[in-house]
Amino acid sequence: MHRFIVTAGFAALVASQVSVAQAATQPHPGRLLASNCFQCHGTEGRGGFERLAGKSSSDIYGDMREMKLKSSGNDIMKAHAKGYTDAELRLIADYFAQLPR
């Protein structure tokens, strides 16, 4: 019985360490969605037309939401923004916001 308790405790410790390690290696949920943005804004949000890395998540989201809702225009950002749900736009904004400037 004593051996079972040690084994169960060890198993719990290993399981907790594995989940911590997996969480540390998981990419940000918005990274895949943001990959569309990399062509113009760089893979780390620091290149191209506008630097997004480290910018406020609410500012990025607001800009993308505004582009999505524009009634006129035929620019590339309108087309990209319209392809995402509001929840996806938030994930993208959160991804770029958490990157270092």
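Our structure is the block above this text.
Note that this is a predicted model, so its numbers are computed, not measured.

Visitor: Describe in detail the side chain of K78, supporting the description with residues and values.
Guide: Here K78 shows up in helix α5 (residues 76-82). It turns out K78 is buried and unbridged, and the closest side chain with the opposite charge, D75, is 7.3 Å from it. Those residues in contact with K78 that lie beyond four places of it in its chain are M67, K68, K70, S71, S72 and G73.

Visitor: Tell me about the packing of helix α4 (residues 57-69) against helix α6 (residues 86-98), residues and numbers included.
Guide: For any two helices packed against each other, the geometry comes down to the angle between their axes and how far apart the axes lie. Following both chains from N to C, one finds α4 and α6 inclined at 140°, their axes separated by 8 Å at the closest point. When the axes of α4 and α6 are compared, the pair comes out oblique. As α4 packs across α6, the resulting crossing turns out to be right-handed. Where α4 abuts α6, its residues S57, I60, Y61, M64, R65 and K68 lie against D86, L89, R90, I92, A93, D94, F96 and A97.

Visitor: So what's going on with the packing of aromatic side chains? Residues and values would help.
Guide: Think of a pair of aromatic rings as described by two things: how far the centres are apart, and how the planes are tilted against each other in angle. Following the criterion strictly, the structure yields three aromatic pairs and no others. A ring pair is formed by F38 and Y95, whose centres lie 6.4 Å apart and whose planes are at 50°; its orientation type is tilted. Placement of the pair is F38 in helix α3 (residues 38-41) and Y95 in helix α6, with a sequence separation of 57 residues. On the accessibility criterion, F38 (14% relative accessible area) is buried. Y95 sits in the buried class, given a relative accessible area of 3%. Seen in terms of ring centroids, Y95 and F96 are 5.2 Å apart; in terms of plane orientation they differ by 65°. Their pairing is edge-to-face. Here the two residues Y95 and F96 agree in accessibility, since each one is buried. Clustering of aromatic rings is evident, with ring pairs tying together F38, Y95 and F96.

The rules behind the values
Residues numbered from 1 in each chain as written. Predicted model: local features only at pLDDT ≥ 70, side-chain atom pairs only at ≥ 80, totals over all residues. Heavy atoms only, no water. Helix = DSSP H or I, 4+ residues; strand = E, 2+ residues; numbered from the N terminus. Buried < 20%, exposed > 50% of the residue type's maximum accessible area, 1.4 Å probe, protein only. Lys, Arg positive; Asp, Glu negative; His and termini not counted. Salt bridge = Lys/Arg side-chain N within 4 Å of Asp/Glu carboxyl O. Contact = heavy atoms within 4.5 Å. Axes fitted to C-alpha atoms, helices over the stretch in contact; angles between N-to-C directions. Parallel < 35°, antiparallel > 145°, perpendicular 65-115°, else oblique. Left-handed = near helix turned anticlockwise from the far one by under 90°. Phe/Tyr/Trp six-rings, centres within 6.5 Å; stacked < 30°, edge-to-face > 60°.

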